[in-house]
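# Observations on chain architecture
Here is what each chain is made of, one letter per residue.
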Amino acid sequence: MAVSYPNIKLLPLHLLPRQVYTSHGLHFNKKGKVRIAEMVNKLMQIKGPHQNPADATKVPSNMIQHRNGGGIIVVEEEMSKVIERYNNDPTVGLAHTVSRDFQMSAGVAVVFRKKFGRPQMSDLIFQNLAYQQVNEGLSVYSLVTKEMYYGKPTNEEYDTAFQQLKIDFQTRGLKVLICSAMGCVRDLIQPQHFVDRISEFQKATGATVYIVSYNQEVKRKLWRGMSHEEFVKTLRQLIADRMEREQSSAPEENKAEDRSATPDINSAQASGSSNEFTPPALVP
């Protein structure tokens with residue numbers, strides 16, 4: 001709604017970590033209030049009524065809701081800053097792609113290597129998936145999509161890693177996935193292929209998915225020759241198109257869900273329960 005009204009600006013409070021809330025989780029503590037004040041200060045510095053507030057606060061400007069809850073959100077921010085917010089959250093999983101030699105010498109892999117160290121062979125829980133956990137906090141997944149760092153992944157290896165990620169994510173009962181646009185930056189995976197896999201993952205797990213992307217200042221061509229701005233725009237459009245296709249391909253299912261989501265007053269009184277929908281919390 002705020003996109004249609006340039007004078008309205010939204011704060012991304014759903015991105016704030018658990019530690020800025022009081023013990024019962026209903027209010028912000030002093031740290032939370034300071035964080036909110038900083039957000040407001042940034043918004044107040046925006047000049048011109050038509051400037052997008054997302055430029056100042058990096059608020060996700062596109063959220064696609066799936067029928068089973070959660071959503072897919074493209075976030076323009078440095079991965080290291082996003083990791084800091086969720087570092088101690090046991091319901092969050094991080095994911096990126098690596099080669100089997102675990103070189104991790106470029107791009108977002110460097111951030112993961114500095115934050116969590118290189119995965120070891122003993123961290124492989126599947127042939128194409130390594131798992132690390134940070135001090136009983138967040139889970140870190142490394143999807144092995146190619147053999148050597150200088151190679152390129154095949155769609156088959158890529159899809160296998162994604163399938164293994166989905167299985168383990170569900171097994172551990174995680175709620176949020178934070179990932180890069182895996183394989184699309186340097187490994188020449190088509191954005192459409194990534195969107196298809198991440199959409200299938202989200203639909204199967206019901207998780208909230210944050211796709212984190214930022215402009216990397218390097219000389220080589222990234223994002224299959226697109227600028228970062230073009231890539232993010234393409235990514236968001238592909239996600240929207242995918243969701244539209246899913247909705248149009250199952251009209252009867254949607255209608256049935258709409259009917260089931262409408263409370264039946266008589267049955268609710270008889271059973272003492274309600275069909276009211278409670279949206280999933282993005283940040284526990």
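Above this text sits the structure in question.
What this report covers is the structure whose coordinates are included nearby. (Residues numbered from 1 in each chain as written. Predicted model: local features only at pLDDT ≥ 70, side-chain atom pairs only at ≥ 80, totals over all residues. Heavy atoms only, no water.)

Turning our attention to the nonpolar core. Of all hydrophobic cores here, the largest spans 31 residues; its most connected members are Phe194, Ile198 and Ile211. Broken down by secondary-structure element, the contributors of at least two residues to this core are strand E2 (71-76), strand E5 (129-133), strand E6 (139-146), helix H5 (155-172), strand E7 (176-179), helix H6 (191-205), strand E8 (208-213) and helix H7 (228-249). Residue contacts for Ile198: discarding those within four places in its chain leaves Ile72, Phe162, Leu177, Cys179, Val209 and Ile211. The next biggest cluster of nonpolar side chains, apart from the first, holds 25 residues, and it includes Val75, Ile83, Leu94 and Met104. (Core = buried A, V, L, I, M, F, W, Y, C linked by side-chain atoms within 4.5 Å. Buried < 20%, exposed > 50% of the residue type's maximum accessible area, 1.4 Å probe, protein only. Helix = DSSP H or I, 4+ residues; strand = E, 2+ residues; numbered from the N terminus. Contact = heavy atoms within 4.5 Å.)

Glancing now at unusual backbone geometry. Glycine aside, the phi torsion of most residues is negative, and most peptide linkages are trans. With a phi close to 55°, Phe102 is a non-glycine residue in the positive phi region. Within the secondary structure layout, Phe102 lies in the loop between strand E3 (92-99) and helix H4 (108-116). A positive phi angle, near 65°, is found at Leu188, a position not held by glycine.

On to H4. Those residues of H4 lying buried are Val108, Ala109, Val110, Val111, Phe112 and Phe116. The inward-facing, buried residues of H4 contact helix H3 (79-86), E3, E5 and E6. Immediately beyond the C-terminal end of H4, within one or two residues, lies Gly117, with a positive phi of roughly 80°.

This paragraph deals with H7. In this model H7 runs 32 Å from its N-terminal to its C-terminal C-alpha over 22 residues, within 8% of the 32 Å that 1.5 Å per residue would give. Those residues of H7 that sit buried are His228, Phe231, Val232, Leu235, Arg236, Leu238, Ile239, Arg242, Met243 and Glu246. Down the axis, H7 shows its buried residues gathered within 155° of arc, on one side only. Along H7, exposed side chains directed more than 90 degrees from the buried face belong to Glu229, Lys233, Glu244 and Ser248. (Expected span 1.5 Å × (residues − 1). Arc of directions from axis to C-beta.)

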